[in-house]
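Examining the three-dimensional arrangement
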Protein chains: 2
Amino acid sequence: MSTKEFFKVSSLESVLTHLHNFPRTEFETIPIEESLGRILAKDVISDIDIPDFNRSTMDGYAVRARSTFGASERSPALFNVTGTIEMGEPARISVKAGEAVKIPTGGMLPDGADSVVMLEHAELLDEHTIEVYKSAFPLQHVIEIGEDLCKEECILPWGQPIRPQEMGVLAALGKSDVPVFKKPVVAIISTGDEIVDIRDIPSLGQLRDVNAYTLSGQVKKAGGVPTCLGIVRDNFDELFHMCEQALSHADIVLVSGGSSVGARDFTMEAINALPRSEILVHGISISPGKPTIIARIGKKAFFGLPGHVTSAMIVFMKTVQPLIERMGGLSEKYIEKKREATAILSRNIASVQGRTDFVRVNLVHDKGRLVAHPLLGKSGLIRTMVKADGLIEIDINSEGLDKGSVVTVELF
Amino acid sequence: MSTKEFFKVSSLESVLTHLHNFPRTEFETIPIEESLGRILAKDVISDIDIPDFNRSTMDGYAVRARSTFGASERSPALFNVTGTIEMGEPARISVKAGEAVKIPTGGMLPDGADSVVMLEHAELLDEHTIEVYKSAFPLQHVIEIGEDLCKEECILPWGQPIRPQEMGVLAALGKSDVPVFKKPVVAIISTGDEIVDIRDIPSLGQLRDVNAYTLSGQVKKAGGVPTCLGIVRDNFDELFHMCEQALSHADIVLVSGGSSVGARDFTMEAINALPRSEILVHGISISPGKPTIIARIGKKAFFGLPGHVTSAMIVFMKTVQPLIERMGGLSEKYIEKKREATAILSRNIASVQGRTDFVRVNLVHDKGRLVAHPLLGKSGLIRTMVKADGLIEIDINSEGLDKGSVVTVELF
């Protein structure tokens, strides 16, 4: 069968639809200390009110707000100081009209008090008497019971990525063990008779294995666990056995390289020889990245990525990354919420209708504006990826973008 | 001494100047596999050209471009096919005028050839003859020697963060051991008589230790290594000894909590009692986050952060994070290059002149625009941080921002 026949290319949109049908990973429980960046696997419901007492946010005096009403510099309100609240202790005193109790930041408001007068707004006349010069409003400088987190409320939904602030919520609720989705395991196989291990010295005609490293970095960044299986020759048997090995432990298999016709054919053969395999995509209408193969093998996903480093990285960003995120439990709104910047395009870029182009750009602040400089260059070069800060997309129906256009840059 | 006397507040700008004077961490060498997100400690100079041979980027025929000049559908150019290039092998053949050699993607161009004709643009007449229908230009579908990375060129400068593409460059150059800056070690001490360990059940008037977890998440995110030393009471001796212990192993010490006057006083006392200590900042003209203490203790940095969770997080972002990045070797242009988004403000926000306000916002895509909704709320609440996607800054000289203003959002 000729290669050309395979190339009924799919749009990126239809490729993404295929990628919705893989199962999420299982749960595991990890210590909160290791939870940064992980994805919550269960809703977090508060079993307590936080705070569970009315809490002062200032150093001052707990009073009834009513007792201060009308107070001014000319006619201050007088209060009897009847005690002091100790930090971390229940308030064992109650406050009546005209009474004040000294309270530290974080202290528990005593019964009867509904407001805090700051130290700076009170004057100590003697050991037991203060003057207040300003009306205090009810709940002034007070965090009420349940004002931060409320009992039985769903505080964090499953699918939420854990940032430092979510770690804080988990800590506040005493959730020292956190249920998260397991990280998807992604096996990476490099192919090509010309590819050598990075610890070897290439002979003439050979190159070191770059893709295994760019891809494993991308897998980690996307929230997966990369396992690099090494380099296989352009040979059906070697590739088939390596794929079997990869499928025995990984959720996703990436075969990179094999941009040559022969290599692509071996990849197709290997997929077809694997049990319960189904080719989903052979060719995507994007540039760079067209010669991409995607298959389902049982419940697992298989990608034949282009060999050119830039093509492989861009196909990864557009297909493998959202799959890792979805398999790893990330909820849809975060998958869509990409890190983006808005910039002005520095020059015209031509494009071909019928395919989506991804152009690497370098971002430069210039006179208060962010300017995107396209980095054109062959997709076999890693140099342009190193110089680039992100990608812009040129729509499948567009013939290009004009200099001065406002573009959205997906940041690396 | 009263607390008020201390509050000669510093502007954020002058605080950042103080933070330039701490030394960078030392170097260490790590395997490339662990290098993602680390900061390069030495320039990476290429010791080879990449590729070190002229490389085909297509499956096709290596030819002399001149031999194709003038070729068209009507008058094709004829070529004798004199051999095949094997992947990963030196080209042991040379190409003369009117000759073609079959070459795979990634193959080495033979002597005499300067161009590649794609398979699709050639027709095989018999085993040894092809017709070419289109002129090929010199270097068509060829990556030249050194076109990607050039011998003796500085490919990556020290101070550069390692992304997947930088891992690729290191792989291409065979740098399997990577010199990076050590991650700054940041000790975190929580203070407060009302604070209990997250594994304990708080009694009335107590709260669990939230700041140790938000801060350790922030330290990790910034590229540091957090070590949480636990909770100390509001007590000079306990705090002093914990600080001594922290300084024995950490580059930076964070004491969080102590927003009450008494606690702040203990922190000041502890700093003053430590050898070679110097208070740099006591109070920053930002909101939230004013009651911040920064000191130098020998070569180490010491922060007394506010106890309110949001205040502590914002002060961290604005002061501790750039310090960790700088100590950890990140070059200035990356420290300044924050993750930002541009959005439209959904409502008016008032501000006070003479201080820089940081307002948490939630970002929502609305009719193709990104809208920033301010999340107002007491700085003791973690809820608003969980709802927030980032921060906007209101300048020290501004009285506020109007609804509809274009704002820059620093993303969490």
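As the structure is a prediction and not an experimental result, all values here were calculated from the model. (Residues numbered from 1 in each chain as written. Chains lettered and ligands numbered in written order. Predicted model: local features only at pLDDT ≥ 70, side-chain atom pairs only at ≥ 80, totals over all residues.)

**Some thoughts on the overall build of chain A**
Note the threshold: Going along the chain from the N terminus, every DSSP run of H or I of four or more residues is numbered as a helix, and every run of E of two or more is numbered as a strand. Between the two quantities, the radius of gyration covers C-alpha atoms and the globule rule is 2.2 Å times the number of residues to the power 0.38. For the exposure call, what matters is how many other C-beta atoms sit within 10 Å of a residue's own: 20 or more marks it buried, 12 or fewer exposed, and in between partly exposed, using C-beta atoms placed from the backbone. We call two residues in contact when their backbone-placed C-beta atoms lie within 7 Å.
Regarding its fold elements, chain A presents nine helices and 28 strands. Taken against the 2.2 N^0.38 rule, which gives 22 Å for 412 residues, the C-alpha radius of gyration of chain A at 31 Å runs more than 25% over that of a compact globule. Each principal axis of the C-alpha atoms in chain A carries an extent, and together these give about 95 × 50 × 40 Å. Burial statistics for chain A: of 412 residues in total, 50% are counted as buried. Taking as baseline every contact in chain A between residues at least 6 positions apart, the subset at least 24 positions apart corresponds to 71%.

**With respect to unusual backbone geometry**
Looking along the chain, the bond that leaves Ile50(A) and enters Pro51(A) is cis, with omega of -10°. Here Pro51(A) is to be found in the loop between strand S2 (44–45) and strand S3 (55–56). Despite not being glycine, Leu139(B) shows a phi value in the positive range, around 70°. Of the residues examined, Leu139(B) has 15 C-beta atoms within 10 Å and is grouped as partly exposed. Even without being a glycine, Arg276(B) presents a positive backbone phi close to 55°. Tracing the sequence through the fold places Arg276(B) in the loop between helix H6 (261–273) and strand S18 (277–282). Its 10 C-beta neighbours within 10 Å are what place Arg276(B) among the exposed residues.

**Points about the relation of the copies chain B and chain A**
What counts, and what does not: Only residues with pLDDT of at least 70 in both copies contribute their C-alpha atoms to the least-squares superposition of the copies.
When chain B is fitted onto chain A, the two copies agree to an RMSD of 0.1 Å after a turn of 180° and an axial shift of 0.0 Å. The symmetry that links the two subunits is that of a two-fold axis. Residue Ala341(B) of chain B places its C-alpha closer to the rotation axis than any other residue of that unit, at 2.8 Å.

**What to know about the sheet that holds strand S5 (residues 77–84) of chain A**
Residues and elements named next belong to chain A. Stated formally: For two strands to be treated as a pair, DSSP must find no fewer than two bridges joining them. Here the axes come from fitting lines to C-alpha atoms, over the contacting stretch only for helices, and the angles between their N-to-C directions go from 0 to 180 degrees.
With mixed pairing, six strands are arranged side by side in an open sheet as S7-S4-S6-S5-S9-S8. Of all strands in the sheet, those bounded by a partner on one side alone are strand S7 (115–118) and strand S8 (122–126). Across the sheet, the axes of successive neighbouring strands diverge by a mean angle of 40°, strand direction being ignored. Of the strand pairs in this sheet, S5 and strand S9 (residues 129–132) are connected by four bridges, and their pairing is antiparallel. Among the inter-strand pairings, Phe-79 is bridged to a residue of S9, identified as Ile-130.

**A short note on the interface of chain B and chain A**
We apply this condition: Throughout this entry, Asp, Glu, Lys and Arg are counted as charged residues, while Ala, Val, Leu, Ile, Met, Phe, Trp, Tyr, Cys and Pro are counted as nonpolar. The remaining residues, Gly among them, count as polar.
Tallying the contact residues gives 67 residues for chain B and 67 residues for chain A. The set of elements that each furnish at least two residues to the side of chain B that touches chain A consists of helix H3 (164–172), strand S15 (207–208), helix H4 (211–222), H6, helix H7 (309–327), strand S22 (340–345) and helix H9 (383–387) of chain B. Among the elements that make up the side of chain B that touches chain A, the one with the highest residue count is H3(B) (eight residues). By residue class, the composition of the side of chain B that touches chain A is 29 nonpolar, 20 polar and 18 charged.

**Observations concerning the pairing of strand S17 (residues 252–256) of chain A**
Residue and element names in this part refer to chain A. For S17, the buried fraction is high: five of the five residues fall into the buried class. Pairing of S17 with strand S21 (residues 300–305) involves five bridges; the strand directions are parallel. Paired with Val-255 across the two strands is Gly-304, which belongs to S21.

**Comments concerning the domain arrangement of chain A**
Counted only if it meets this: Note that domain bounds follow an automatic or database assignment of domains.
In terms of domain boundaries, chain A breaks down into domain 1 (3–26 + 182–336), domain 2 (27–50 + 147–181), domain 3 (55–143) and domain 4 (340–411). For domain 2 of chain A and domain 3 of chain A, the distance between their C-alpha centres works out to 35 Å.

**Overview of the nonpolar core**
Stated formally: Each nonpolar core consists of buried Ala, Val, Leu, Ile, Met, Phe, Trp, Tyr and Cys residues. Their C-beta atoms, within 7 Å, join them into a set.
In terms of nonpolar packing, the biggest core is built from 115 residues, with Tyr61(A), Ala62(A), Val253(B) and Leu254(B) touching the most fellow members. Residue contributions to this core peak at 11 residues, all from H7(B). Residues contacting Ala62(A), with those up to four places away along its chain left out, are Ser56(A), Ile85(A), Val95(A), Ala100(A), Val101(A), Ile103(A), Leu109(A), Pro110(A), Ala113(A) and Val116(A). One finds Phe266(A), Ile286(A), Leu40(B) and Ala171(B) within the second-largest nonpolar core, a separate group that totals 113 residues.

**A word on the confidence of the model for chain A**
We count it as follows: For every residue, the predictor reports its confidence as pLDDT, a number between 0 and 100.
In this model, chain A carries an average pLDDT of 94, and 98% of its residues clear a pLDDT of 70 or more. Across the whole predicted complex the pTM is 0.94, and at the interface the ipTM reaches 0.94.

**Overview of the packing of helix H5 (residues 236–249) of chain A against helix H6 (residues 261–273) of chain A**
Residue and element names in this part refer to chain A. Note the cut-off: Should an angle fall under 35 degrees it is taken as roughly parallel, and over 145 as roughly antiparallel, whereas 65 to 115 is taken as roughly perpendicular and any remaining angle as oblique. Each crossing is labelled by how the near helix is turned from the far one, with a counterclockwise turn of less than a right angle marking it left-handed and a clockwise turn marking it right-handed.
Where H5 contacts H6, the two axes come as close as 9 Å, and the packing angle between them is 50°. The orientation of H5 with respect to H6, classified from their angle, is oblique. Along this stretch, H5 crosses H6, giving a crossing that reads as right-handed. Between H5 and H6, the residues in contact are Phe-236, Leu-239, Phe-240 and Cys-243 and Phe-266, Thr-267, Glu-269, Ala-270 and Ala-273, respectively. Residues belonging to the contact of H5 with H6 are distributed by class as follows: seven nonpolar, one polar and one charged.

**With respect to H6(B)**
All names here are of chain B. Put simply, the rule reads: To estimate how far a helix should extend, the number of its residues minus one is multiplied by 1.5 Å. Regarding the arc, it is the one traced by the directions from the helix axis to the C-beta atoms.
In a regular helix each residue adds 1.5 Å, so 13 residues correspond to 18 Å; H6 covers 18 Å between its end C-alpha atoms and thus fits that length. Along H6, the residues classified as buried are Ala-263, Arg-264, Phe-266, Thr-267, Ala-270 and Ile-271. Axial view of H6: buried residues confined to an arc of 155°, hence all on one face.

**Comments concerning helix H3 (residues 164–172) of chain A**
Among the nine residues of H3(A), nine are classified as buried, and the element is accordingly described as predominantly covered. Trailing H3(A) by a residue or two, Gly174(A) shows a phi angle of about 75°, which is positive.

**Quick notes on the packing of H4(B) against H7(B)**
Residue and element names in this part refer to chain B. For the pair H4 and H7, the least separation of the axes is 10 Å and the interaxial angle reads 25°. The angle between H4 and H7 falls in the class roughly parallel. The hand of the H4/H7 crossing is right-handed. Contacts between H4 and H7 pair Asn-211, Thr-214, Leu-215, Gln-218, Val-219 and Ala-222 from the former with Val-309, Ala-312, Met-313, Phe-316, Gln-321, Ile-324 and Glu-325 from the latter. Across the contact of H4 with H7, the residue classes break down as eight nonpolar, four polar and one charged.

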